[in-house]
Each structure stands twice: as C-alpha cells, then as structure tokens.
Amino acid sequence: MRERQLLEIRRQLVHSTGSLAAPLIVFLGLDLMKLFYGFALMTVIVLNFYRQTRSGNKTFVLEKFYAFEQWVEGQLSKYERNKEFLKGPIMYFLGIFLTMSFFPVEQVIPAILVLALADAASTIVGIVYGEHKHLWNSSSSWEGTITFFAFAFGILYFFVPPQTALIIAVVMALIESLPRIDDNISIPLITALLIGIL
C-alpha cells in the first residue's frame, strides 16, 4: 500500500473518533459540547494562522518552545495532506459546531455519527477496494459510496423510521460522492436537516 493511502487511512481513523461526541453530548449536554467544539475550532484556526505567519514574522516564534513545536508539527504531519495543514480539522470542527448550533440534539447526534463513521468507512473502503470510479468524480468510487450508504443507513435506523433512514442514506451517499464539496460541512448539516424535514 502506498504512503499516500496509509496517510489517508490514518486520517480517517482519527476522523472516526468524532463519534465520541455522541455519548459526550448525552452525558455533558449539547451546550457544553458546543462550547468545546467552538474552542477546538478557534484553537486550530489560531494554530493554522501561527504556522502560516511565523516564518515571515519572527514575533510569533517562541524560541524556547522550538523543539516542542517541531515535535508537534511532526506528529500532525502524519495526518495532513500536502499543503493542507489543519484544513481538515478546521472544516471538521466547523461542520460539527454549525450542526450543534442550528439543530436540536435528536438531529445532531445521528448527523455527527454519520459524519464520523460513514464518511471514514467509505473513504477507507474506497482507498483499499475502490476500483469502480464515478463518472462525475474520479476520486470517488462506487465501493466507497455503497459503504457510506450501508453505514449511514445502519446508524440512522436507530434514530428515525426505516424508510426515512433509507431515503437519507441514499441522498447523503450521493452528496458525499460529489466533487468539490467539503463533506465535513455538508454531511452533518444536510443529514440533520433531512432528519428534521422527513
């Protein structure tokens, strides 16, 4: 398996840990978790700004922490795509934060689970087994889309009636396969919206 594929699998395994937000929302409440995700979002935005400006503006560099900074960057680089430092976490936290801000808890929890688990599973399956590419998106495969559908339906089945779960899973699997759409934003927001509408 190529290094790029291993990187993406590592990223998706981290991505799937977002499913821990669901039980935390149940035990700690939506407002506290919204505060946590808002703080996490601001933290990664500041880190991204710092990394982009530090070489040109030495006032941002704390020399005493240089070794620690290098270690942190080395750890983070194991999970980042080329030239996309912290873009994934920013969009991920933003998608979850917006979903928590606009929808009630009974729509938020399944939407986050679909984002964390269905999206991660579809990407991993697509990387390992994805041989049949979509005509509209050559970086997405039918194997990944079917996996997304199966996971999304399995998750939604516990939160909405089966026919509603089926409809939402099909719609979201198609949306997830579209090019040039950041699914960290679209998946949780549209899933939560559809749960409320259907």
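Residues numbered from 1 in each chain as written. Predicted model: local features only at pLDDT ≥ 70, side-chain atom pairs only at ≥ 80, totals over all residues. Heavy atoms only, no water.

A. Broad picture of the overall build of the chain. Each helix and strand in the chain was counted, giving nine helices and zero strands. Ordered by position in the sequence, the α and β elements of the chain form the string α-α-α-α-α-α-α-α-α. In the chain, which comprises 198 residues, the share counted as buried stands at 45%. Here the analysis covers contacts within the chain between residues at least 6 apart in sequence; of these, 69% occur between residues at least 24 apart. (Helix = DSSP H or I, 4+ residues; strand = E, 2+ residues; numbered from the N terminus. Buried < 20%, exposed > 50% of the residue type's maximum accessible area, 1.4 Å probe, protein only. Contact = heavy atoms within 4.5 Å.)

B. Seen up close, the nonpolar core. I25, M100, V114 and F148 are the most contacted members of the largest nonpolar core, which has 39 residues in total. Secondary structure elements with two or more residues in this core: α2 (21–28), α3 (30–53), α5 (87–102), α6 (105–129), α7 (142–156), α8 (162–176) and α9 (183–197). The leading source of residues in this core is α6, at nine residues. In contact with V114, not counting residues within four places along its chain, are D119, F148, A152, I155, L156, I187 and T191. (Core = buried A, V, L, I, M, F, W, Y, C linked by side-chain atoms within 4.5 Å.)

C. Spatial organisation of a nonpolar patch on the surface. A grouping of L135, W136, W142, I146, L166, V170, L174, L178 and I181 is seen on the molecular surface, where their side chains present a nonpolar patch of about 880 Å² in accessible area. Counting residues per element, the ones that place at least two in the nonpolar patch are α7 and α8. In terms of residue count, α8 provides more of the nonpolar patch than any other element does, three residues in total. Relative to the assigned elements, W136 resides in the loop between α6 and α7. With a relative accessible area of 38%, W136 lands in the partly exposed category. (Patch = residues over 30% accessible without salt bridge, like charges linked within 9 Å, V, L, I, M, F, W, Y side chains within 5 Å. Areas by Shrake-Rupley, 256 points an atom, 1.4 Å probe, with all protein chains shown as cover. Salt bridge = Lys/Arg side-chain N within 4 Å of Asp/Glu carboxyl O.)

D. Local environment of the packing of helix α1 (residues 3–16) against α6. With their axes 8 Å apart at the nearest point, α1 and α6 run at an angle of 165 degrees to one another. Here α1 lies roughly antiparallel to α6, going by the angle between them. The two elements α1 and α6 meet at a crossing, and its hand is left-handed. For the pair α1 and α6, contact is made by Q5, E8, I9, Q12, L13, H15 and S16 and by L115, A116, L117, D119, A120, T123, I124, I127 and V128, respectively. Per-class residue counts for the contact of α1 with α6 are nine nonpolar, five polar and two charged. (Axes fitted to C-alpha atoms, helices over the stretch in contact; angles between N-to-C directions. Parallel < 35°, antiparallel > 145°, perpendicular 65-115°, else oblique. Left-handed = near helix turned anticlockwise from the far one by under 90°. Nonpolar A, V, L, I, M, F, W, Y, C, P; charged D, E, K, R; others polar.)

What is shown is where atoms sit, not what they do.
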